[in-house]
Every structure is written in structure tokens, then in C-alpha cells.
Amino acid sequence: MGGKRKHSDDGEGAKGGDEGNNSISKKMKKSEILPSMIKNKEKRSAEHAKLKHQKKVEKRKKLKARDAAEKRALELGEEPPPKMIPRTIENTREADETVCKPDDEELFAGNDADEFSSILKQDQIPKILITTCRFNSTRGPAFISELLSIIPNAHYYKRGTYDLKKIVEYAKNKDFTSIIVVHTNRREPDALLIMGLPDGPTAHFKLSSLILRKDIKNHGNPTSHKPELVLNNFTTRLGHRIGRLIQSLFPQDPNFRGRRVVTFHNQRDFVFFRHHRYIFETKEDKQSDSKDKKAKDAKGENTPKEKVVARLQVCVPTLFLFLPFYS
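From a predicted model like this one, the values you see are computed outputs, not experimental measurements. For every chain, the first residue of the written sequence is number 1, and numbering continues from 1 onward in sequence order. The model is predicted, so local features are restricted to residues of pLDDT at least 70 and side-chain atom pairs to those at 80 or more, both for listing and for counting; the totals for chains, interfaces and linings are taken over all residues. The basis for every side-chain value is the complete set of non-hydrogen atoms in the structure, without hydrogens or water.

I'd like a description of the overall build of the chain, backed by residues and values.
Helix and strand counts for the chain come out as seven helices and twelve strands. Working definition: with a 1.4 Å probe on protein chains only, accessible area under 20% of the residue-type maximum means buried, over 50% means exposed, and in between means partly exposed. Every one of the 327 residues in the chain was classed for burial, and the buried ones make up 30%. The contact criterion used is simple: two residues touch if any of their non-hydrogen atoms lie within 4.5 Å. Here the contacts in the chain between residues at least 6 apart in sequence split such that 67% fall between residues at least 24 apart. Each helix is a run of H or I in the DSSP string that is no shorter than four residues. Each strand is a run of E no shorter than two, and both are numbered from the N terminus.

So what about the pattern of salt bridges? Which residues, and what values?
Basic side-chain nitrogens of Lys or Arg form a salt bridge, by our definition, when they fall within 4 Å of a carboxyl oxygen of Asp or Glu. Inspection of the entire model under this criterion finds five salt bridges. A salt bridge links aspartate 104 to arginine 237, with the nearest nitrogen and oxygen atoms 2.8 Å apart. With aspartate 104 in the loop between α2 (41-76) and α3 (105-111) and arginine 237 in helix α7 (residues 237-247), the pair connects residues that are 133 residues apart, well separated along the chain. With a relative accessible area of 17%, aspartate 104 lands in the buried category. A relative accessible area of 37% means that arginine 237 is categorised as partly exposed.

Help me get a handle on unusual backbone geometry, residues and values and all.
A cis amide bond links leucine 197 with the next residue in sequence, proline 198, at an omega value of 5 degrees. Mapping proline 198 onto the fold places it in the loop between β4 (188-196) and β5 (202-211). Cis geometry marks the peptide bond from glycine 200 to proline 201, where omega comes out at 5 degrees. Within the secondary structure, proline 201 sits in the loop between β4 and β5. In this model, asparagine 233 sits at a positive phi of 65 degrees, which is unusual for a non-glycine residue.

Which residues make up the environment of arginine 311, and what are the values?
Tracing the backbone through its elements, the reader meets arginine 311 in strand β11 (residues 306-314). It is 6.6 Å that separates the C-alpha atoms of arginine 311 and phenylalanine 280, two residues lying 31 residues apart in sequence. Among all residues touching arginine 311, those that are not within four sequence positions of it are Arg277, Tyr278, Ile279 and Glu281.

Tell me about the packing of aromatic side chains, and name the residues and values.
Any two rings among Phe, Tyr and Trp, with Trp reduced to its six-membered ring, count as a pair given centres within 6.5 Å; such a pair is stacked if its planes are under 30 degrees apart, edge-to-face if over 60, and tilted if neither. Considering all chains together, one arrives at five aromatic pairs under this definition. Geometrically, the ring pair formed by tyrosine 157 and phenylalanine 176 is edge-to-face, given 6.1 Å between the ring centres and 90 degrees between the ring planes. Here tyrosine 157 is found in the loop between β2 (154-156) and α6 (164-173), whereas its partner phenylalanine 176 is found in the loop between α6 and β3 (178-185), with 19 residues between them in sequence. Plain terms: the ring middles of phenylalanine 250 and phenylalanine 264 are 6.3 Å apart, the flat faces sit at 65 degrees to each other, and that makes the pair edge-to-face. Here phenylalanine 264 lies in strand β7 (residues 260-267) and phenylalanine 250 lies in the loop between α7 and β7, a separation of 14 residues in the sequence. Phenylalanine 264 shares its class with phenylalanine 250; the two are buried. Chaining the aromatic ring pairs together yields one cluster made of Tyr157, Tyr170 and Phe176.

I'd love a proper account of the layout of surface pockets, names of residues and values included.
If you add up the space inside the largest pocket, you get close to 460 Å³. As for the largest pocket, its lining consists of 18 residues, of which Arg93, Asp96, Thr236, Asn266 and Asp269 are closest to the centre. Among the elements of the structure, α7 and β7 are those that each provide at least two residues to the lining of the largest pocket. For the lining of the largest pocket, the leading source of residues is α7, giving three residues. Considered class by class, the residues forming the lining of the largest pocket number six nonpolar, six polar and six charged. In this analysis, the protein atoms alone were mapped onto a 1 Å grid. Cavities are point sets where a 1.4 Å probe fits without being able to get out; pockets are open sets with protein on both sides within 12 Å along at least five of seven lines; lining residues have an atom within 4 Å of a point. Grid points are joined across faces, edges and corners, and a volume is the space filled by probe spheres set on the points. Gly is put with the polar residues, along with every residue not named as nonpolar or charged; the nonpolar set is Ala, Val, Leu, Ile, Met, Phe, Trp, Tyr, Cys and Pro, and the charged set is Asp, Glu, Lys and Arg.

Can you explain the pairing of strand β6 (residues 228-232)? Please cite residues and give values.
Examined bridge by bridge, β6 and β7 share five bridges and lie parallel to one another. Opposite valine 230, over in β7, you have threonine 263 as the bridge partner. By the criterion used throughout, a crossover qualifies as right-handed when its path from the first strand across the helix to the second strand runs clockwise, the strands pointing away from the viewer. Crossover β6 to β7 through α7 is left-handed. We call two strands paired when DSSP finds no fewer than two bridges between them.

Please give an account of the environment of leucine 197 that cites residues and values.
Mapping leucine 197 onto the fold places it in the loop between β4 and β5. Note on leucine 197: relative accessible area 13%, which makes it buried. Discounting residues that sit within four places of it in the chain, leucine 197 has contacts with Val168, Ala171, Lys172, Phe176, Thr177, Ser178 and Ile179.

So what's going on with the nonpolar core? Residues and values would help.
In terms of nonpolar packing, the biggest core is built from 29 residues, with Ile130, Phe143, Ile180, Phe250 and Phe264 touching the most fellow members. Of all the elements in the fold, those that place two or more residues in this core are β1 (128-132), α5 (140-150), β3, β4, β5, α7, β7 and β8 (270-284). Ignoring anything within four residues of it in the chain, the contact list for isoleucine 180 reads Ile128, Leu129, Ile130, Thr131, Ile151, Leu192, Leu193, Ile194 and Leu249. Leu129, Leu193, Met195 and Leu197 belong to the second-largest nonpolar core, a separate cluster that totals ten residues. What makes a nonpolar core is a set of buried Ala, Val, Leu, Ile, Met, Phe, Trp, Tyr and Cys residues whose side-chain atoms join them at distances within 4.5 Å.

I'd like a description of α5, backed by residues and values.
Listed in full, the buried residues belonging to α5 are Gly140, Phe143, Ile144, Glu146, Leu147 and Ile150. Projected down its long axis, α5 carries its buried residues within an arc of 155 degrees, all on one side. An arc is given here, and it is the one of the directions from the helix axis to the C-beta atoms.

I'd like to hear about a positive patch on the surface, residue by residue, with values.
Each patch is built from salt-bridge-free residues with over 30% relative accessible area, joining like charges within 9 Å and nonpolar side chains (Val, Leu, Ile, Met, Phe, Trp, Tyr) within 5 Å. The Shrake-Rupley method, run with a 1.4 Å probe sphere, supplies the accessible areas, and residue values consider only the shown protein chains as cover. Charge counting follows a simple rule: Lys and Arg are positive, Asp and Glu are negative, and His as well as the terminal groups are ignored. By convention, charge coordinates are those of NZ in Lys, CZ in Arg, CG in Asp, or CD in Glu. A cluster of basic residues, Lys52, Lys56, Arg60 and Lys64, forms a positive patch at the surface. Take lysine 64: it is sitting in helix α2.

So what's going on with a nonpolar patch on the surface? Which residues, and what values?
A grouping of Ile33, Leu34 and Met37 is seen on the molecular surface, where their side chains present a nonpolar patch of about 290 Å² in accessible area. For isoleucine 33, the position within the fold is in the loop between α1 (2-32) and α2.

Spelled out as C-alpha cells, the structure:
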């Protein structure tokens, strides 16, 4: 009897051990459950909010610990710990061998003999012919009117049934320096073809994320002044070439009184376009001390201090271009 009892006790102990292991494994499984694995919407959102709150708390603790370590190091006269640099696409990119350097004599010597030198040296005034593909769209005319307001000395001609070769011959005879062809697909402008005359080069830009002026809230109306041209990050050999192509579309003597700015920003082979005019406004200068907020004159009246603030106002469309082909 005693042996049997011992045997039953051992079995119960084994069962208890198994139950303990099962409870531990269940707890492990519960801790590993992700919000996306929960089918109930309310529970899933509650679990997601809880995890989000935990991450915020941990982030605050890390910031407080880092600030405390910096403060302690400054009090002791030691060097503070180095700041963490976030990992981004830009700082992890491999160095490009084709980036132009300021001391590249070959590159700058070629600028004096390329196809755009006569325009960029102001020996020739740029004259642009804008046309469309065979089948125009509903937003095509609106986009072309925006291009006419952006590019000075640009002229629009209907495509009709003419071939592109005949249009190029006509543009050469009329002393046009460039041709811009607006291509459309599914009733939307989706590409730009820019051709330099008389001997090229030609660039094909894919057009995306087009927003017209009428769709922008609080937009400004562009004036007839020649705009200032800003080119950012066109640093590679191809980028330098594309930058000079874009420069050849605009006059090289901007009217600064018009306060118009046309910006082309290159980032990861995408050319972002913006058209702004800068505005100067006078605002009250807010100071930290309540005593210095307003200065009193001899009569004891309050005269607020004013400062001039510059801001940008969007004029015409915002879009970005992708460059898949250049010849």
C-alpha cells in the first residue's frame, strides 16, 4: 500500500511539474503575442496603445538618463558622451565616384564648349516652344498655362497632326532654343520631353504628384518678372549636365524686384519642383522677459518693437520629376 501511495504521489508531483511548465509556457506565449495577432478589434487597439505607451516611457527614460549624464559630465569638467546619430538613407549611402569636385578642371573646361554655353553666357536669349502629344487631356491645357507662367519667353503651339521631326525643323527655322513636349496618359500629364536645339541633348522626365495652382490653398499669382533659379544637389556628372539643361530654359538675368523663385531640388534621382515668391512682413518682436516686451517712450506710451520676417508663398504647381532616360 505504501509503495502504491508513493507511486501516486510521484504521479501527482509529475503532473504538478507539467502544469507548472505549461503555465510558464503559456505566460511566454502571452508575452510574445503581437497586436496584429489579436482578432478582436477593441482588444487589438488597446494592446497597440499599451505597447505604444511603453515605448514612449522607455524613450523618455533614455532621454532623461542622457541629459543627466551630460549634466554630470559638465559639472565634473569631463567631455559629455557622444550624441547618437540616427541612421538614414542619406548618411548610409555609398560615396558616388561621379560627384563633381570644385577642382575638376576638365569639367569646367567642357562647360565653355557645350550646347548650353551660348545661353548661359547670355550671348543668346532662351526661346521655348511648348507643345503636346497627339492626344491631349483635360488637365493638359491647365498644366501648359502654368508652364507658360513659369518659363519666360515660352510659346505654346497646338500639336495637331504634325510629326515631331517637322516640329523640330519649324522650331529651328524660328530660332527656338528648346522644345518641351507634354505627354499625357489616361487624361493626365505624366511625362515631359525636353529637347535642346539645334543639336540636342534630349531628356525624358517622368511626371508625378502634379498639383495645380487652383488646388493649392492661399496660393499667389505669379508676375511677369524673370524668376531667380535655384538648383540643389545636382552634384554628379549627369546631375551637372541636367542642371545646365534646366538653366538653359530660363534667362540668366533675373528681376529680383519680382521676388519670384523657381527651385529644382534633386534627391535620390527625383527632381522636386517648387515655385514661390518671398514676402516680407513686419511682426512684433516677442521677448522672453515681460519687462522688455514693450518699450516706453518719453510720454510713457507703449511702443512695441517690430521685426521684418520673410516667408514663402506658393505660386504655381508642385510636382516631382523622375529621370529615367537622357541622351
